[in-house]
Amino acid sequence: MLSSSSLRRATLRRRAQLVAQATRAEVLQLDAGVRLQGFHSVQQALPERHGLVLLLHGWEGSADSNYMQATSACLLRAGYDVYRLNFRDHGDSHALNAEPFHSCRLDEVAAATAQVCARPGAGLRAIAGFSLGGNFALRVARAAPTRGIALDYALAVCPVVDPAAGLRQLEQGHLYHAYFMRKWRASLRRKQALFPARALVSREELALNMRGLTRALVLRYTEFGTLEAYLDGYSIAGDRLAALQVPATILTAADDPVIPVADFRAMQLPDCVELDIAKHGGHCGFLTGARLHSFIEDYLIARLDARAAAQALTPPQAARRA
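Now for a quick tour of the structure.

Analysis parameters
- Residues numbered from 1 in each chain as written.
- Predicted model: local features only at pLDDT ≥ 70, side-chain atom pairs only at ≥ 80, totals over all residues.
- Heavy atoms only, no water.
- Helix = DSSP H or I, 4+ residues; strand = E, 2+ residues; numbered from the N terminus.
- Rg over C-alpha atoms; globule rule 2.2 N^0.38 Å.
- Buried < 20%, exposed > 50% of the residue type's maximum accessible area, 1.4 Å probe, protein only.
- Contact = heavy atoms within 4.5 Å.
- Areas by Shrake-Rupley, 256 points an atom, 1.4 Å probe, with all protein chains shown as cover.
- Pairing = 2+ DSSP bridges.
- Axes fitted to C-alpha atoms, helices over the stretch in contact; angles between N-to-C directions.
- Phe/Tyr/Trp six-rings, centres within 6.5 Å; stacked < 30°, edge-to-face > 60°.
- Lys NZ or Arg CZ within 6 Å of the ring centre and 35° of its normal.
- Parallel < 35°, antiparallel > 145°, perpendicular 65-115°, else oblique.
- Expected span 1.5 Å × (residues − 1).
- Arc of directions from axis to C-beta.
- Core = buried A, V, L, I, M, F, W, Y, C linked by side-chain atoms within 4.5 Å.
- Bend = angle between axes of the 7 residues up to and from the residue.

### Overview of the overall build of the protein
Regarding its fold elements, the protein presents 13 helices and eight strands. At 19 Å, the protein has a C-alpha radius of gyration in line with the 20 Å of a compact globule built from 322 residues. Oriented by its inertia axes, the alpha-carbon framework of the protein measures out at about 60 × 45 × 40 Å. When the 322 residues of the protein are sorted by exposure, 54% land in the buried category. Sequence-distant contacts, at least 24 apart, represent 75% of the contacts inside the protein between residues at least 6 apart. Total accessible area on the protein stands at roughly 14,200 Å², and carbon and sulfur atoms take up 54% of it.

Here it is as structure tokens:
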């Protein structure tokens, strides 16, 4: 909560301004008329960049969330270009698509990743995500070889593992449930106002709790048929990541109040995936002191630098980039 607060945003104001100065906003044109909003920031710290990092925010966050701004600023200073992608209906992107967001829209996020990673430039290509964005990052990495996505590394911070368990956890934490429902209802109202001819969601449905509203939208806008099938559709629990080939790191905290730590300990992961469970950190917080600096920023750069160094010593990688 402190990590997402206006207090921390105030401490990030200068860094956010520096990010904005190096950033170009754009809209990615994808198959079937899908459009996603992105923000491309070019590093100016080095003569040649170390690589490109695609950042994915959490549910009802955005490219401008505190953790996205802070991470972007650190990456730019370290010599990495950054691409912050807004999921459908997040940030200021509600008008771009008529159909609403849901968490099983992997194809469009993978297609956006493929476009961004295919752009020219030196160094490694990496994807990093927070919470639901971490879940998407790992699913994109899993799909990368078959979809021809040039991806070298993935990092997921407190990713949603078992959505059904995550939903139960949120239902038990009334404060967190209220926080997300307030933001989600506001997002749905905004979407409805932009598409008044479509019956997106009724006033009665907006009064439902998270489970009830999710079920209503799943039945109307997906082909899953049941809430349970939908939640399973974006699960990465158990052995769902066993076939992952892209080197990856999963960072979480034992005291995360949103994602049960037991979900991580039950995962069956390949040797290329590092699972790091910190004793403390909350949900995507990992704040280290009164200045509200997050350990995530240094952690990500250390992993990226190590991966970049290893890649530089691998001739096949260099040949592929050439």
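Read on for the rest.
### Considering the sheet that holds strand 7 (residues 248–253)
Whenever strands of a sheet pair, they do so through backbone hydrogen bonds, lying parallel or antiparallel. On the basis of which strands lie adjacent, the open sheet formed by eight strands has the order 1-2-4-3-5-6-7-8 and mixed pairing. Each edge of the open sheet is held by one strand with a lone partner, namely strand 1 (23–29) and strand 8 (273–278). Each neighbouring strand pair of the sheet contributes to a mean axis angle of 20 degrees, computed without reference to strand direction. Pairing of strand 3 (residues 51–56) with strand 4 (residues 80–85), which is carried by six bridges, proceeds in the parallel orientation. Each residue of the ladder has a partner; that of Leu 54, found in strand 4, is Tyr 83. Sitting on the sheet, helix 4 (residues 106–117) touches strand 1, strand 2 (35–41), strand 3, strand 4 and strand 5 (124–130), and the angle it makes with strand 1 is about 125 degrees.

### Focus on the packing of aromatic side chains
Summed over the entire model, instances satisfying the criterion amount to 10 aromatic pairs. Taking the centre distance of 4.7 Å and the plane angle of 40 degrees together, the rings of Phe 87 and Phe 136 count as tilted. Of this pair, Phe 87 sits in the loop between strand 4 and helix 4 while Phe 136 sits in helix 5 (residues 132–147), and the two are 49 residues apart along the sequence. No difference in accessibility class separates Phe 87 from Phe 136, as the two residues are buried. Their ring planes at 70 degrees and their centres at 5.8 Å tell us that Phe 224 and Tyr 230 sit as a pair that is edge-to-face. Overall, the relative accessible area of 32% leaves Phe 224 in the partly exposed class. Sitting over the face of the ring of Phe 136, Arg 139 holds its NZ or CZ atom 4.3 Å from the ring centroid. A cation over a ring is seen here: Arg 303 above Tyr 299, with NZ or CZ 4.0 Å from the ring centre.

### Some words on the packing of helix 6 (residues 163–172) against helix 7 (residues 174–194)
Interhelical geometry of helix 6 versus helix 7 gives an angle of 105 degrees and a closest axis separation of 5 Å. Compared by their axis directions, helix 6 and helix 7 come out roughly perpendicular. Between helix 6 and helix 7, the contacting residues are Leu 170, Glu 171 and Gln 172 on the first element and His 174, Tyr 176, His 177 and Phe 180 on the second.

### Overview of unusual backbone geometry
If a residue is not glycine, its phi is most likely negative; likewise, a peptide bond is most likely trans. The phi dihedral of Ala 32 is positive, around 60 degrees, even though this residue is not glycine. As for its position among the elements, Ala 32 is in the loop between strand 1 and strand 2. Phi at Asp 89 is positive, roughly 65 degrees, even though this residue is not glycine. With respect to the secondary-structure elements, Asp 89 resides in the loop between strand 4 and helix 4.

### Regarding helix 7
Along its 21 residues, helix 7 runs 30 Å from first to last C-alpha, staying within 8% of the 30 Å computed at 1.5 Å per residue. Among the residues making up helix 7, those that are buried are His 177, Phe 180, Met 181, Trp 184, Ser 187, Leu 188, Lys 191 and Gln 192. One side of helix 7 carries all its buried residues, which in axial view fall inside an arc of 135 degrees. Facing away from the buried side of helix 7 by over 90 degrees, the exposed positions are Leu 175, Arg 182 and Ala 193.

### Section: the nonpolar core
Ranked by size, the top nonpolar core spans 62 residues in total, and within it Leu 56, Leu 85 and Leu 151 carry the most contacts. If you look at the next biggest cluster of nonpolar residues, it comprises 30 residues, including Leu 55, Ala 73, Cys 74 and Phe 130.

### With respect to helix 5
With 16 residues, helix 5 ought to run about 22 Å at 1.5 Å a step, and its terminal C-alpha atoms sit 21 Å apart, in line with that. Remark: the principal bend of helix 5, roughly 30 degrees, maps to Ala 141, with a proline, Pro 145, within the next four residues. In terms of burial, helix 5 is largely enclosed, as 12 of its 16 residues are buried. By the burial criterion, the buried members of helix 5 are Leu 132, Gly 133, Gly 134, Asn 135, Phe 136, Ala 137, Leu 138, Arg 139, Val 140, Ala 141, Ala 143 and Ala 144. Summarising the contacts, the buried residues of helix 5 are in contact with strand 3, helix 4, strand 5, strand 6 (153–157), helix 10 (227–233) and strand 7. Where helix 5 ends, the next residue or the one after it, Gly 148, has phi of about 70 degrees, a positive value.

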